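Chains, contacts and geometry: an overview
Listed below are the residues making up each chain.
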Amino acid sequence: MKKRVGVLISGTGSNMKALVSAGREAASLFEVVCVASNKVDAGGIAWAREQGIATQVINHKDFATREAFDTALNVYLQSQRLDLIACAGFMRIMTPVLITPWAGRMLNIHPSLLPKYKGLHTHQRAIDAGDKEAGCSVHFVTAELDGGAVIAQVRVPILAGETAETLAARVLVEEHKLYPEVLSDVTSLI
Ligand code: GRF
């Protein structure tokens, strides 16, 4: 039996698509069984629905507090009997209400070489700092934003004349390879 993975997104969901497609390979140890979003207009949700994957939109604006939203999302995720959760461009600060039940089973991909550049605008910050390389990291989610243990990273050189956009595009290509690999590795351990 493949392990059941739920993916959390807020936007395009290109990493989610990479996970879905990796999970569909016959030899894969996992499959993406549901995709949830806090944004009604997340492009990735429509795509996942067309693919026949269970989807759920829970609009964070409908909730008075972060904890109330996190509780609703956790109820949905628990109902899907998931083995692992993969955050993929999920642009929410999560509280322990959501994180604690999934400790050690919730991963995130972040577009920097953590612990450098937690938070937003990672590529611009790397360029502004004069860094020679950037990259992406997959890490366990803890209550500290982008602060959980790093599982794996890929490094990408920063080229002359690089902009945040060109760098983001090259890092994203690596994200799409790294995340399915790490998910597969973690799946084999649980
Ligand atoms: C990716 O760069 C990811 O690392 C970051 O947000 C971006 C999401 O892109 N957390 P996508 O929605 O997967 O295309």
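Now for a quick tour of the structure. (Residues numbered from 1 in each chain as written. Predicted model: local features only at pLDDT ≥ 70, side-chain atom pairs only at ≥ 80, totals over all residues. Heavy atoms only, no water.)

**Section: the site of the ligand**
Every residue lining the ligand is accounted for by Thr-12, Gly-13, Ser-14, Asn-15, Gly-89, Ile-109, His-110, Pro-111, Leu-172 and Glu-175. Interatomic distance of 2.8 Å between a backbone N/O atom of Gly-13 and an oxygen atom of the ligand. Contacts to the ligand include Ile-109, whose backbone N or O atom sits 3.2 Å from a nitrogen atom. Looking at the shell around the ligand, the elements that each hand over two or more residues are helix H1 (14–23), strand S5 (106–110) and helix H6 (164–189). A breakdown of the residues in the shell around the ligand according to their chemical character gives 3 nonpolar, 6 polar and 1 charged. (Near = heavy atom within 4 Å. Polar contact = N/O pair within 3.5 Å; in protein donor to acceptor, adjacent residues only side chain to side chain. Helix = DSSP H or I, 4+ residues; strand = E, 2+ residues; numbered from the N terminus. Nonpolar A, V, L, I, M, F, W, Y, C, P; charged D, E, K, R; others polar.)

**Thoughts on the sheet that holds strand S7 (residues 150–157)**
Judged by pairing direction, the sheet is mixed, and its 7 strands sit side by side in the order S3-S2-S1-S4-S5-S6-S7 without closing on themselves. Two strands in the sheet have a free side with no partner beyond their single neighbour: strand S3 (54–57) and S7. In this sheet, adjacent strand axes meet at a mean angle of 20° when their direction is disregarded. As defined by bridge partners, strand S1 (residues 3–9) adjoins strand S4 (residues 84–87) across 4 bridges and the pair is classed as parallel. Each residue of the ladder has a partner; that of Val-7, found in S4, is Ala-86. (Pairing = 2+ DSSP bridges. Axes fitted to C-alpha atoms, helices over the stretch in contact; angles between N-to-C directions.)

**Regarding the packing of H1 against helix H2 (residues 43–50)**
Between two packed helices, what matters for the description is the angle formed by their axes and the separation of those axes. Where H1 meets H2, the axes come as close as 9 Å, and the angle between the chain directions of the two elements is 20°. Relative to H2, H1 is oriented roughly parallel. Crossing geometry of H1 relative to H2 is assigned as right-handed. Facing Met-16, Lys-17 and Val-20 of H1, the residues of H2 in contact are Gly-44, Trp-47 and Ala-48. Broken down by class, the residue content of the contact of H1 with H2 amounts to 4 nonpolar, 1 polar and 1 charged. (Parallel < 35°, antiparallel > 145°, perpendicular 65-115°, else oblique. Left-handed = near helix turned anticlockwise from the far one by under 90°. Contact = heavy atoms within 4.5 Å.)

**Section: H6**
If you check H6, its first and last C-alpha atoms are 36 Å apart, about what 26 residues at 1.5 Å a residue would give, namely 38 Å. Glu-175 marks the point of greatest bend in H6, at about 25°. Along H6, the residues classified as buried are Ala-164, Leu-167, Val-171, Glu-175, Leu-178, Tyr-179, Pro-180, Val-182, Leu-183, Val-186 and Thr-187. (Expected span 1.5 Å × (residues − 1). Bend = angle between axes of the 7 residues up to and from the residue. Buried < 20%, exposed > 50% of the residue type's maximum accessible area, 1.4 Å probe, protein only.)

**Re the side chain of Thr-122**
As for its placement among the helices and strands, Thr-122 is situated in helix H5 (residues 122–128). With relative accessibility at 5%, the residue Thr-122 sits in the buried group. Apart from residues lying up to four places away in sequence, Thr-122 is in contact with His-110, Pro-111, Ser-112 and Tyr-117.

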